[in-house]
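Each chain, written out:
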Amino acid sequence: VQLQASGGGLVQAGGSLRLSCAASGRTFRSYTVGWFRQAPGKEREFVAAIRWNDRATSYAESVKGRFTISRDNLENTVTLQMNSLKPEDTAVYYCSASQGAIISNMANPTAYRYWGQGTLVTVSS
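Parameters at a glance
Residues numbered from 1 in each chain as written. Predicted model: local features only at pLDDT ≥ 70, side-chain atom pairs only at ≥ 80, totals over all residues. Heavy atoms only, no water. Disulfide = S-S within 2.5 Å. Helix = DSSP H or I, 4+ residues; strand = E, 2+ residues; numbered from the N terminus. Salt bridge = Lys/Arg side-chain N within 4 Å of Asp/Glu carboxyl O.

So, the state of the cysteines: which residues are in play, and what are the values?
Within this structure, the stated rule accounts for 1 disulfide. Here Cys21 is linked by a disulfide to Cys95, with a sulfur-sulfur distance of 2.2 Å. When the S-S torsion is 65°, as for the bridge of Cys21 with Cys95, the disulfide is right-handed. Here Cys21, found in strand S3 (residues 17-24), pairs with Cys95, found in strand S9 (residues 91-99); they are 74 residues apart in sequence, far enough to count as distant.

Now the structure itself:
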């Protein structure tokens with residue numbers, strides 16, 4: 001399955017952005033979808049995820065209360081609403097997906113088989 005992440009851009013600190021992850025040619029209904037990010041010079045880190053079967057969500061501590069992940073199976077998209085953005089949120093954001101399996105640790109990048117190309121989020125101070 002091909003994933004397409006979109007919605008990145010430049011925003012001032014305190015602002016908001018809405019990222020979307022779309023699956024081409026497939027229904028997203030049975031996929032757990034995760035968002036990860038990678039800042040320059042840093043390792044890729046988990047941001048948020050939503051499980052396919054029970055819609056359980058998981059968030060990194062650094063984004064709790066500011067980011068919200070949701071899914072629209074009819075539209076085949078998963079959205080990451082990012083509010084109260086901080087300069088340290090600057091990174092390339094990647095969406096990832098894994099089909100069918102019940103993933104207990106959604107923060108584990110090895111649990112995801114498919115990865116999108118990334119979308120750049122830049123937060124200015």
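Mind laying out the pattern of salt bridges, listing which residues take part and the relevant values?
Counting across every chain of the model gives 5 salt bridges. The salt bridge partner of Glu45 is Arg37, with a shortest N-O separation of 2.6 Å. A salt bridge links Glu61 to Lys64, with the nearest nitrogen and oxygen atoms 2.8 Å apart. Three or more residues joined by partner-sharing salt bridges are found here, namely Arg37, Glu45, Arg66 and Asp89.

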